[in-house]
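Coordinate inspection notes
Residues per chain, in single letters:
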2 protein chains.
Amino acid sequence: MSLEALRREIGAISDLLCAASVLVWDSRTFMPPGGVEARGRQIATLTDAARERLLGAPTRRALDAAEAAVAGSPRDAPEAREVAAVREALAFHDRIPGDLIRRKAELRSRANAAWAAARARDDFALFAPTLAATIELQRAYADAIGYADHPYDALIALYEPGGTIAGMRRLFDALRPTLREVGEVAEARPAPSADFLARPYPAEDQRRFVERVAGAFGFDLARGRIDFTLHPFEVSFTRHDVRLTMRRAETFDPPALFGAFHEIGHGLYEQNVDEAHTRTALATDLKGLYAVGGTSFGAHESQSRLWENHVGRSRPFWEAHYGALRDAFAPSLDDVTLDRFHAAILRARRGPIRTDADEPSYDLHVMLRVEIEADLIGGRLAVRDVPEAWRAAMTRDLGVTPRGDADGCLQDIHWSSGMFGSFSTYTIGNVMAAQLFEAASAEAGVAAGLGQADYRPLGDWLRERVWRHGRALGRDEILARATGRGLDPAPYLRHLRRRYAGA
Amino acid sequence: MSLEALRREIGAISDLLCAASVLVWDSRTFMPPGGVEARGRQIATLTDAARERLLGAPTRRALDAAEAAVAGSPRDAPEAREVAAVREALAFHDRIPGDLIRRKAELRSRANAAWAAARARDDFALFAPTLAATIELQRAYADAIGYADHPYDALIALYEPGGTIAGMRRLFDALRPTLREVGEVAEARPAPSADFLARPYPAEDQRRFVERVAGAFGFDLARGRIDFTLHPFEVSFTRHDVRLTMRRAETFDPPALFGAFHEIGHGLYEQNVDEAHTRTALATDLKGLYAVGGTSFGAHESQSRLWENHVGRSRPFWEAHYGALRDAFAPSLDDVTLDRFHAAILRARRGPIRTDADEPSYDLHVMLRVEIEADLIGGRLAVRDVPEAWRAAMTRDLGVTPRGDADGCLQDIHWSSGMFGSFSTYTIGNVMAAQLFEAASAEAGVAAGLGQADYRPLGDWLRERVWRHGRALGRDEILARATGRGLDPAPYLRHLRRRYAGA
């Protein structure tokens, strides 16, 4: 008895899901517009084939044999975790009717088109019927998955195992007062000048600068690459091929450059999952049918936010790299001191758009969405009331009122993509990033490295405690081993106060 | 009873094969080096999944039902052809042991590496053991497929249905004397000056010029794109997404530009297969497990050679486009008249390398390979004697003696890729291209269009007679309908005499 037969099946499933990811990557970077429809079918066929293979008799037989083989192992041994992950995924998919999967997939392509059209015309009413249908299906999906307290819990857990709306509310309550206070202090100061960010910064030079930073952070460009796209993302086809993307901007649009740093963080996680986990359940999300080595969306986001915000926006980083930036984009920054530049990229100002949000206000955007989603799924909010609920919450929590629906409740693609439940992971990522970075920085070698723009000690620390484990450890196990406690908002609040409120 | 269930299965198989082609395209254009191994496994898994789905019970049941449904149709009706193609492919794959497929795939990856290493060290002996193993497997493959006269026939027919070595020899005999004679006449003339081709021609500008030509030829860039690669190819993921590639050259290397015209021809064929054939057996090679709409390799090559040589190298083409070329690459051609430029790109000179060969000598390269392959598969030539056989044939047929193995019998990737049998289709393509172009040019509208750089009449003629049929008509059916006869070398010989021997 061994795991060999199971690994053969899961390996093939991993191949199919990696292939699907290649097709997604291509569709968002290089695919000509005519390819959209055929590509959608191809990706659906690959995902279906992966699901069918997981539910097939050979996988079930191999899983039985593998369970017998690891019966004597400790429950937290990687092999035991690997086998358990397959059993859990199989039980999960056995609960979801195939018909529901098909209806969700069909609705998603229609919904994306309806959303895009509604957004272009700034009219939520055009999207409302499709959103209502989406919510119906998401409720049915939650019912099929099962939950203890709230149907939305089943959806959060798709992205963050164990996540619940009650838990998120506790976390949000712990964050909210300080986020507001920090934002107010930061905005009360005179705004730093930032007009020089609108000068010419050729996109191709930005990409080259990002490649340089990626190399400095330890991202291996022989096992990855960086291309332009409209909505940046990271995707991997095993740890040996990890693709990053960035916005194509011709000015210094901070979300373009820092968005690229963000994706580097995701990419570092994927490139450093143990080779032994490649093509196994410990580097594949078998429930979500997605080729990913990170253990949860929140844990993944912690790595992107750590490199984007804690390293990439830090003073020591720019002390080391500002000269190179200035040279790369001369003469645009010739008359700009490091102080002025750094103040400009840290300027805080609340706005209606989440993807442009500064650090102190980002989670306020998240909370608003999570509450609206929970109320929609729980039946406490009617679809037609979403624009007004959004406007009221935005005005109350951020002091900003969107002009219409396009910069309000239609700004995100998540709902039309059927991704209810995923927003929470952005805040979990922010909190976990600060917690890990604070713990890492407490080590003398890491702190010394950061002061000298040598990111290897930090990378080694994260590889050992986070990256290499893939999905063999859960988010809270990683946190407990690395920091001695579960998810803790205190380091994040300390970071925000220090950076934005001069505390 | 209907074809619906069969089309569902074949549609999914087409999706898997299109996905495999996306992965191949990426591996040859953008993939970082670290991805090689994982990518090989992913492509193998997709091809296996397609084969398993073809051989599975649902496809067999659907095929039985579809045969009943088309029982009353004429045998050459597209639906009847569609169903028959699935039956034929199923019977084909039922004959091939799964173990043989696996061994071939395993050997191929080893063989490619052995070939590359042997070629780099200019030493055939390093490749000989792998080639011997390849030939063993190719013989076993031919035996499993079945053949009447010669095992090599089974392999030729993989690429050109109905092809045999006896038939190829008849064709070669009809071509050889004129090819030699034309080559000698052309080379006896004073060589035109061509030094200006070595001036700067930036690769990115070449790509833009090729895009312009692609548009003029009728290639739809909203359903395709053109990227750089080392060994150019065309690949399609349905007619809605057709990818062309070209060499990245910084001088006017004629094979780079004309190679791109060549791929445009392949791309036109794929983009113009009837929409109704998309995702069916009439736009998928179910035997070769390859997503392709063209009916045979030879027919496909006829379209690439037609646009490359008959249109792209013609005097009227350059009368219309030379100005644009000159502007695009100024000042490199500022002092070069159209006459001098056109003479330079038509200069004939025999050399040892097939991919650099001029029109009159190209087929002599092909013949040499076909005879050596037939003798290797037939057991009349030992592997160790290949270098000497190659040198002797090259000296005899082309008057050129390769310096070593790298520019001799190790120059092509075909053997290490297990593609025994495919070389014949290059010559079939040349002959068919001339035959179709002569017939098309006999129509007043086509001829007038060509004189005015308006390629729509030619495109319409080819779409109607060749492209739209996909695999619903065989090569000889296309030729018979379009030209009133089967494959006929006379137009090709007339073309070569006219262009290169002033006849």
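Residues numbered from 1 in each chain as written. Chains lettered and ligands numbered in written order. Predicted model: local features only at pLDDT ≥ 70, side-chain atom pairs only at ≥ 80, totals over all residues. Heavy atoms only, no water.

Observations concerning the relation of the copies chain A and chain B
Of the two same-sequence chains, chain A is brought onto chain B (RMSD 0.0 Å, axial shift 0.0 Å) by a rotation of 180 degrees. Here the two chains are linked by the operation of a two-fold rotation axis. The position closest to the rotation axis in chain A is occupied by the C-alpha of Ala 19 of chain A, lying 3.5 Å away. (Least-squares fit on C-alpha atoms with pLDDT ≥ 70 in both.)

Quick look at the sheet that holds strand 3 (residues 242-247) of chain B
Pairing between the strands of a sheet comes from backbone hydrogen bonds, and it takes one of two forms, parallel or antiparallel. All names here are of chain B. Pairing is mixed in the open sheet, where 3 strands are placed in the order 1-3-2. Looking at the sheet topology across the chains shown, the edges are occupied by strand 1 (224-229) and strand 2 (234-236). In this sheet, neighbouring strand axes are inclined to one another by 25 degrees on average, regardless of whether the strands run parallel or antiparallel. Relative to strand 3, strand 1 is paired through 6 bridges, and the arrangement is parallel. When the bridges of strand 3 are listed, Arg 225 appears paired with Arg 243. Sheet strands touched by helix 10 (residues 254-271): strand 1, strand 2 and strand 3. Its angle to strand 3, the strand with the most contacts, is close to 170 degrees. (Pairing = 2+ DSSP bridges. Helix = DSSP H or I, 4+ residues; strand = E, 2+ residues; numbered from the N terminus. Axes fitted to C-alpha atoms, helices over the stretch in contact; angles between N-to-C directions. Contact = heavy atoms within 4.5 Å.)

Remarks on the side chain of Glu 373 of chain A
Residues and elements named next belong to chain A. Note that Glu 373 resides in helix 14 (residues 359-378). A distance of 2.8 Å separates polar atoms of two side chains, one belonging to Glu 373 and the other to Trp 415. Polar contacts involving the side chain of Glu 373 include one to the main-chain amide nitrogen of Gly 421, which spans 2.9 Å. When neighbours within four sequence positions are excluded, Glu 373 is seen to be in contact with Tyr 152, Trp 415, Met 419, Phe 420, Gly 421 and Phe 423. (Polar contact = N/O pair within 3.5 Å; in protein donor to acceptor, adjacent residues only side chain to side chain.)

Section: the nonpolar core
One finds Leu 6, Leu 46 and Val 86 of chain A together with Leu 6, Ile 10, Leu 46 and Val 86 of chain B to be the most contacted residues of the largest nonpolar core, which totals 67 residues. Of all the secondary-structure elements, those providing two or more residues to this core are helix 1 (4-29), helix 2 (36-55), helix 3 (57-69) and helix 4 (78-95) of chain A together with helix 1 (4-29), helix 2 (36-55), helix 3 (57-69) and helix 4 (78-95) of chain B. Excluding residues within four positions of it along the chain, Val 86 of chain A makes contact with Leu 6, Ile 10, Leu 54, Leu 63, Ala 281 and Leu 286 of chain A. (Core = buried A, V, L, I, M, F, W, Y, C linked by side-chain atoms within 4.5 Å. Buried < 20%, exposed > 50% of the residue type's maximum accessible area, 1.4 Å probe, protein only.)

Description of the interface of chain A and chain B
Tallying the contact residues gives 34 residues for chain A and 34 residues for chain B. When the two sides are added together, the surface that chain A and chain B hide from each other amounts to roughly 2,600 Å², 61% of it contributed by carbon and sulfur. It is Phe 30, Pro 32 and Gln 42 of chain A that lose the most area in chain A upon contact with chain B, and together they represent 19% of the buried surface on that side. On inspection of chain A and its partner chain B, the count reaches 4 salt bridges. Inspection of the region where chain A meets chain B yields 11 residue pairs in polar contact (both at pLDDT 80 or more). The biggest single contributor to the side of chain A that touches chain B is helix 1 of chain A, with 9 residues. When grouped by side-chain class, the residues that make up the side of chain A that touches chain B number 16 nonpolar, 7 polar and 11 charged. (Buried area = accessible area lost by both parts, 1.4 Å probe. Salt bridge = Lys/Arg side-chain N within 4 Å of Asp/Glu carboxyl O. Nonpolar A, V, L, I, M, F, W, Y, C, P; charged D, E, K, R; others polar.)

Side note on the packing of aromatic side chains
Scanning the entire structure with this criterion turns up 47 aromatic pairs over all chains. Relative to Phe 252 of chain A, the ring of Tyr 201 of chain A lies with its centre 5.4 Å away and its plane at 70 degrees, an arrangement referred to as edge-to-face. A residue pair is termed long-range when its members are at least 10 positions apart, and Tyr 201 of chain A in the loop between helix 8 (165-188) and helix 9 (203-217) and Phe 252 of chain A in the loop between strand 3 (242-247) and helix 10 (254-271) qualify at 51 residues. Overall, Phe 252 of chain A belongs to the buried group, its relative accessible area being 3%. One cation-aromatic arrangement involves Arg 28 of chain B over Phe 233 of chain B; the distance from NZ or CZ to the ring centre is 4.1 Å. Cation over ring: Lys 104 of chain B sits above Tyr 141 of chain B, and NZ or CZ is 3.6 Å from the ring centre. (Phe/Tyr/Trp six-rings, centres within 6.5 Å; stacked < 30°, edge-to-face > 60°. Lys NZ or Arg CZ within 6 Å of the ring centre and 35° of its normal.)

Considerations on the pairing of strand 3 of chain A
Residue and element names in this part refer to chain A. Across the 6 residues of strand 3, 5 count as buried, placing the element largely inside the fold. The pairing of strand 2 (residues 234-236) with strand 3 spans 3 bridges and is antiparallel. By the bridge assignment for strand 3, Glu 234 is matched with Leu 244. Connecting strand 2 to the antiparallel partner strand 3 that follows it, the hairpin turn spans 5 residues, and Thr 238 within it adopts a positive phi of roughly 80 degrees.

Examining the environment of Ala 389 of chain B
Residues and elements named next belong to chain B. Secondary-structure assignment places Ala 389 in helix 15 (residues 386-398). With 17 residues separating them in the primary sequence, Ala 389 and Ile 372 have C-alpha atoms 7.7 Å apart. Dropping the residues within four chain positions of it, Ala 389 is found in contact with Ile 372 and Leu 381.

Comments concerning helix 15 of chain B
Residues and elements named next belong to chain B. Between its first and last C-alpha atoms helix 15 spans 17 Å; for 13 residues at 1.5 Å apiece the expected length is 18 Å, and the two agree. For helix 15, the complete set of buried residues consists of Val 386, Pro 387, Trp 390, Ala 393, Met 394, Asp 397 and Leu 398. For helix 15, the angular spread of the buried residues around the axis is 135 degrees, confining them to a single face. On the buried face of helix 15, the contacting elements are helix 8 (165-188) and helix 14 (359-378). At the exit of helix 15 stands Gly 399, carrying a positive phi of roughly 65 degrees. (Expected span 1.5 Å × (residues − 1). Arc of directions from axis to C-beta.)

Digging into the sheet that holds strand 1 (residues 224-229) of chain A
All names here are of chain A. Spatially, 3 strands are ordered 1-3-2 in an open sheet, and the strand pairing comes out mixed. Both edges of this open sheet fall to strand 1 and strand 2, since each of them pairs with a single strand only. The sheet shows a mean angle of 20 degrees between the axes of neighbouring strands, taken without regard to direction.

As for helix 4 of chain A
Residues and elements named next belong to chain A. Between the first and last C-alpha of helix 4 there are 26 Å, a value that for 18 residues agrees with the 26 Å anticipated at 1.5 Å per step. The set of residues buried in helix 4 consists of Ala 80, Glu 82, Val 83, Val 86, Ala 89, Leu 90, Phe 92 and His 93. Buried positions along helix 4 lie against helix 1, helix 2, helix 3, helix 6 (128-145) and helix 7 (151-159).

With respect to the packing of helix 8 of chain B against helix 16 (residues 424-441) of chain B
All names here are of chain B. One way to put it is that helix 8 packs onto helix 16 with a least axis distance of 11 Å and a crossing angle of 55 degrees. Between helix 8 and helix 16, the crossing angle belongs to the class labelled oblique. Our pair here, helix 8 against helix 16, has a crossing hand that is left-handed. Two secondary-structure elements touch here, helix 8 through Met 168, Leu 171, Phe 172 and Leu 175 and helix 16 through Ser 424, Thr 427, Ile 428 and Val 431. Tallied by class, residues from the contact of helix 8 with helix 16 come to 6 nonpolar, 2 polar and no charged. (Parallel < 35°, antiparallel > 145°, perpendicular 65-115°, else oblique. Left-handed = near helix turned anticlockwise from the far one by under 90°.)

Structural notes on the pattern of salt bridges
One pass over the structure, following the stated rule, counts 95 salt bridges over all chains. A salt bridge links Asp 26 of chain B to Arg 243 of chain A, with the nearest nitrogen and oxygen atoms 2.7 Å apart. Here Arg 243 of chain A lies in strand 3 and Asp 26 of chain B lies in helix 1, a pairing that spans two chains. The exposure classification of Asp 26 of chain B matches that of Arg 243 of chain A, with both residues buried. Put simply, Glu 160 of chain B and Arg 475 of chain B hold a salt bridge, and the shortest N to O gap is 2.9 Å. Placement of the pair is Glu 160 of chain B in the loop between helix 7 (151-159) and helix 8 and Arg 475 of chain B in helix 19 (residues 475-483), with a sequence separation of 315 residues. Using a relative accessible area of 1% as the deciding quantity, one classes Glu 160 of chain B as buried. Taking the relative accessible area as the measure of exposure, Arg 475 of chain B reaches 16% and is therefore buried. Salt bridges here are not isolated pairs; linked through shared partners, they connect Asp 26 and Arg 39 of chain A together with Asp 241 and Arg 243 of chain B.

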